[in-house]
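Coordinate analysis (summary)
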Amino acid sequence: MLGRTAVSRGLLQSKALGYVATPIRCRLFSNSKIIRTTSTKEDPTPLTKHIRDTILATGPISIAKYMQLALTSPVGGYYTRGQVFGRSGDFVTSPEISQMFGEIMAVWYVLHWEMLGRPQKTAFVELGPGRGTLMADMLRASKRFPDFIKSIRSVHFVEKSPELRKLQHEKLGCAPESTKNVQDKSDQGTPAMATASIGAGNIDVHWYGLLEEIKLESDCVPLVMAHEFFDALPIYKFEKGAGDLWSEILVDVAESSTKAADASSKVGTAANTSEQNKQNSDFKYVRSRNVTANAALLLRDQKFSSMFDKGDHIEVSPESAHIMTQLAEWISANKGMGLVVDYGQDWTQGDTFRGIKNHKFDNPLSSPGSMDLTADVDFSYLRYAAKDKASCFGPVEQGFFLHSMGIQARLQQLLNTTRDSSVQKNLVDCYRRLTDPNSMGRIYKVLAVLPKDSSAVPIPFTPPTTEELNKPKIERIVK
C-alpha cells in the first residue's frame, strides 16, 4: 500500500498541476450574526405568486415544499439562475476559495484508490457540483498520478439545473462537437453527455437529475463526492408540544386578506419561531393545530420523545436520509468510496433554516427565488440512514481533515512559486478561511463512506464507536 506521505509528495512537490500561485478565487459568510436586509414591497414575482396561489388553494405548506419551490421551480427557482456562486453571486464555496481544496480532495481519492488495490476502472461521481470547479481541480491534480488518471473512465454529475450544467460543461472544457443535449424542447442546449480532454486522453462526462439514473459498468469503482449538497435539500420543522405531540411549522401567506386568513385559521396558529415573521416578507410561519402526517411519519422513533422537551424545535430532512441510504447501498454494491463535505453538526438542531443573499444571511420567507435557502446538515441522521448498508467514518472537522492530508505543505509549495507579497498574502488568507476554526475549519465537516464489508479505516478517520454504529447522537435543543 502506498502511504499518505508518498502520495502527497507526488502532488505537493510538483508545479505540473497546471496552477501556480495566483490571486485565489466562501459558501463563506459571517456565522456570528444574522444580517437581515430590509426590502420594500414590490409587485410579486411569478414564483411568489405561484407559491401564494398554492397556499391559498391548499392551505399552509411545509417548509420542505417551500424550499423545493423556491430553489428549483421552473417558474423562477433560485438554481435556475446559474450565476449564484462566487463574489458576483450570493455565496462562495470552498473550491472557489482556493485550488488547494480540490487538490487535497484528489490526494484522498488517490490514496484510497491505492488502498483498494488500484482498480483499473473508476469513475468520479459528484452530487451538486456547482460550477464544476471542484471536479476540474480534482481532475487536474489527478494528472500527477498517471495510473490513477488512466483508471478514470468517466465523470458523472447529479445536477438538475440547466444553467449550472452549462457552467460545468464549460468549466471542464468539454468539446462542443461531442456534446449531446437533453431531448427536451424546454431545455434546449442543456448538456446530457460530452467529452472532456484530460491530459493525454479523453473522459466522458454525463449529467443526471437523480442518483439512481447513473449506470456504471459492473467492474467500475465509483469515487463519490457530495460537497455542499445535503445542506440545500428540503427540511421539515417541528415543535414539541404537550403529551409528546409534535406540531409542524408551516409556511403561510403573510397578507391579512380574508381569504388568506380563512386558509390559515383552518390549519394553524401564528408561530413566532423567529423574528423573521416580523420582517417585511411575503410569507410567514404558522404552527399546525394538530399532528400532521409529516410529524406522525418522521417523528415516530421514540428518541424524539425522550430527547426533547416541550417547546423544542427540530429540523428533519427525509430526502437527505433517502439519498444517503441510496448512496451507501450503491457504494457497497460497487466497492466504491465517498466523501460528504458540508456544514452542520453531528446532532439534530432546531433553528438553522435561513436564506443567503449577497453574502449575508437574509429572511428565507422574503422574495423566494432571489436567494439560496439552506439548513445545517445533521450528520448523525446521515450516518443512521447508512447504518447496515455501508461503513461511515467521522465526521471530522474540515480543518483537521485538510491539515492531516497535507494542505500546509501544499501552501508552502505555492508560496515558493511567487515573490509577489500580495499573492502570498492571498494564499495564506485563503488557507486560513478553509482551516481556521472561527471560519470554515470547524463548522464544515467531512464524512467518509466505504463499503460495508471493507476492513480499511480511511485516513484521517478513526473506527466508529459502538454508540455511533447503533444510534444517532442527538443533542437536546434548549430554546
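Residues numbered from 1 in each chain as written. Predicted model: local features only at pLDDT ≥ 70, side-chain atom pairs only at ≥ 80, totals over all residues. Heavy atoms only, no water.

Details of the overall build of the protein
Assigned secondary structure in the protein consists of 17 helices and 19 strands. Of the roughly 20500 Å² that the protein leaves accessible, carbon and sulfur atoms contribute 49%. (Helix = DSSP H or I, 4+ residues; strand = E, 2+ residues; numbered from the N terminus. Areas by Shrake-Rupley, 256 points an atom, 1.4 Å probe, with all protein chains shown as cover.)

Regarding the environment of Ile-443
When you line up the elements, Ile-443 lands in the loop between helix H16 (421-435) and strand E19 (444-451). Residue classification places Ile-443 among the partly exposed residues on the basis of a relative accessible area of 23%. It is 7.3 Å that separates the C-alpha atoms of Ile-443 and Gln-345, two residues lying 98 residues apart in sequence. With near-sequence residues (within four places) excluded, Ile-443 lies in contact with Asp-342, Tyr-343, Gly-344, Gln-345 and Asp-376. (Buried < 20%, exposed > 50% of the residue type's maximum accessible area, 1.4 Å probe, protein only. Contact = heavy atoms within 4.5 Å.)

A word on empty space enclosed by the protein
Empty space within the largest cavity amounts to approximately 220 Å³. Lining the largest cavity are 22 residues; nearest its centre among them are Glu-315, Ser-317, Asp-376, Asp-378 and Tyr-381. Counting residues per element, the ones that place at least two in the lining of the largest cavity are helix H11 (302-307), strand E12 (313-316), strand E17 (377-378) and helix H13 (379-386). Broken down by element, the residue count for the lining of the largest cavity peaks at three residues, all from H13. Per-class residue counts for the lining of the largest cavity are twelve nonpolar, five polar and five charged. Counted as a void, the second largest cavity has a volume near 40 Å³. Lining the second largest cavity we find His-112, Met-115, Leu-116, Met-337, Leu-450 and Ala-456. Grouping the constituent residues of the lining of the second largest cavity by class yields five nonpolar, one polar and no charged. (1 Å grid on protein atoms, 1.4 Å probe; cavity = no way out; pocket = protein on both sides within 12 Å on 5 of 7 lines; lining within 4 Å. Points joined across faces, edges and corners; volume = space filled by probe spheres on them. Nonpolar A, V, L, I, M, F, W, Y, C, P; charged D, E, K, R; others polar.)

Examining helix H8 (residues 162-171)
The complete set of buried residues in H8 reads Pro-162, Leu-164, Arg-165, Leu-167, Gln-168 and His-169. The inward-facing, buried residues of H8 abut strand E3 (152-158), strand E5 (191-198) and strand E6 (201-208). Following H8 by one or two positions, Gly-173 has its phi on the positive side, about 65 degrees.

Comments concerning the sheet that holds strand E16 (residues 372-374)
Taken together, three strands build an open sheet; the order of strands is E15-E14-E16 and the sheet is antiparallel. Both edges of this open sheet fall to strand E15 (360-362) and E16, since each of them pairs with a single strand only. Within the sheet, the average angular offset between the axes of one strand and its neighbour, ignoring direction, is 40 degrees. Sheet topology places strand E14 (residues 354-357) next to E15; three bridges connect them, and they run antiparallel. (Pairing = 2+ DSSP bridges. Axes fitted to C-alpha atoms, helices over the stretch in contact; angles between N-to-C directions.)

Some words on the nonpolar core
Most often, soluble globular proteins keep nonpolar side chains buried together rather than apart. Core analysis: the largest hydrophobic core is formed by 61 residues, its most contacted members being Met-105, Tyr-109, Phe-124 and Phe-401. No other element matches helix H5 (residues 99-115), which puts eleven residues into this core. Counting 43 residues, the second largest nonpolar core, distinct from the first, contains Leu-216, Cys-220, Ala-226 and Ile-323. (Core = buried A, V, L, I, M, F, W, Y, C linked by side-chain atoms within 4.5 Å.)

Considerations on the packing of helix H2 (residues 46-58) against helix H3 (residues 63-72)
What describes two packed helices is the angle between their axes and the distance between those same axes. Contact geometry for H2 and H3: axes closest at 10 Å, N-to-C directions at 155 degrees. Judged by the inter-axis angle, H2 sits roughly antiparallel to H3. Crossing geometry of H2 relative to H3 is assigned as right-handed. Touching Leu-47, His-50 and Ile-51 of H2 are Tyr-66, Leu-69 and Ala-70, all from H3. Residues of the contact of H2 with H3, tallied by class, amount to five nonpolar, one polar and no charged. (Parallel < 35°, antiparallel > 145°, perpendicular 65-115°, else oblique. Left-handed = near helix turned anticlockwise from the far one by under 90°.)

Structural notes on helix H6 (residues 133-142)
Counting buried positions over the ten residues of H6 gives ten, a clear majority of the element. Buried within H6 are the following residues: Thr-133, Leu-134, Met-135, Ala-136, Asp-137, Met-138, Leu-139, Arg-140, Ala-141 and Ser-142.

A short note on the packing of aromatic side chains
Applying the stated criterion across every chain, the model contains eleven aromatic pairs. For the pair Trp-108 and Tyr-109, a centre-to-centre distance of 5.2 Å together with 90 degrees between the ring planes defines the contact as edge-to-face. The exposure class of Trp-108 is buried, given its relative accessible area of 0%. Residues Phe-229 and Phe-230 carry aromatic rings whose centres are separated by 5.2 Å and whose planes lie at 80 degrees to one another, so their mutual orientation is edge-to-face. (Phe/Tyr/Trp six-rings, centres within 6.5 Å; stacked < 30°, edge-to-face > 60°.)

Re the confidence of the model for the protein
Here the protein averages 83 in pLDDT, while 79% of its residues score no lower than 70. Taken together, the stretch residues 273-278 has pLDDT below 50 and engages in 18 contacts with residues farther than four places along the chain or on a different chain. (pLDDT = per-residue confidence, 0-100.)

Observations concerning the pattern of salt bridges
For the structure on display, the rule yields 18 salt bridges. Across the pair Asp-346 and Arg-383 runs a salt bridge, and its minimum N-O distance is 3.1 Å. Here the residue Asp-346 occupies a position in the loop between strand E13 (337-345) and E14, and Arg-383 occupies one in helix H13, the gap between them amounting to 37 residues. For the pair Asp-346 and Arg-383, a shared accessibility class is recorded, and that class is buried. With a shortest N-O distance of 2.8 Å, Asp-429 and Lys-425 are connected by a salt bridge. (Salt bridge = Lys/Arg side-chain N within 4 Å of Asp/Glu carboxyl O.)

Thoughts on the environment of Leu-250
On the secondary structure map, Leu-250 appears in strand E9 (residues 246-253). Taking the relative accessible area as the measure of exposure, Leu-250 reaches 6% and is therefore buried.

Description of the side chain of Ser-332
Checked against the element boundaries, Ser-332 lands in helix H12 (residues 318-333). Setting aside residues up to four positions removed in sequence, Ser-332 forms contacts with Lys-389, Ala-390, Leu-450, Pro-451 and Lys-452.

Topic: the pairing of E5
Note that strand E4 (residues 180-181) and E5 share two bridges and pair antiparallel. If you follow Asn-181 over to E5, its bridge partner there is Pro-191. Pairing between E5 and E6: six bridges, direction antiparallel. Along E6, the bridge assignment pairs Ile-198 with Gly-201.

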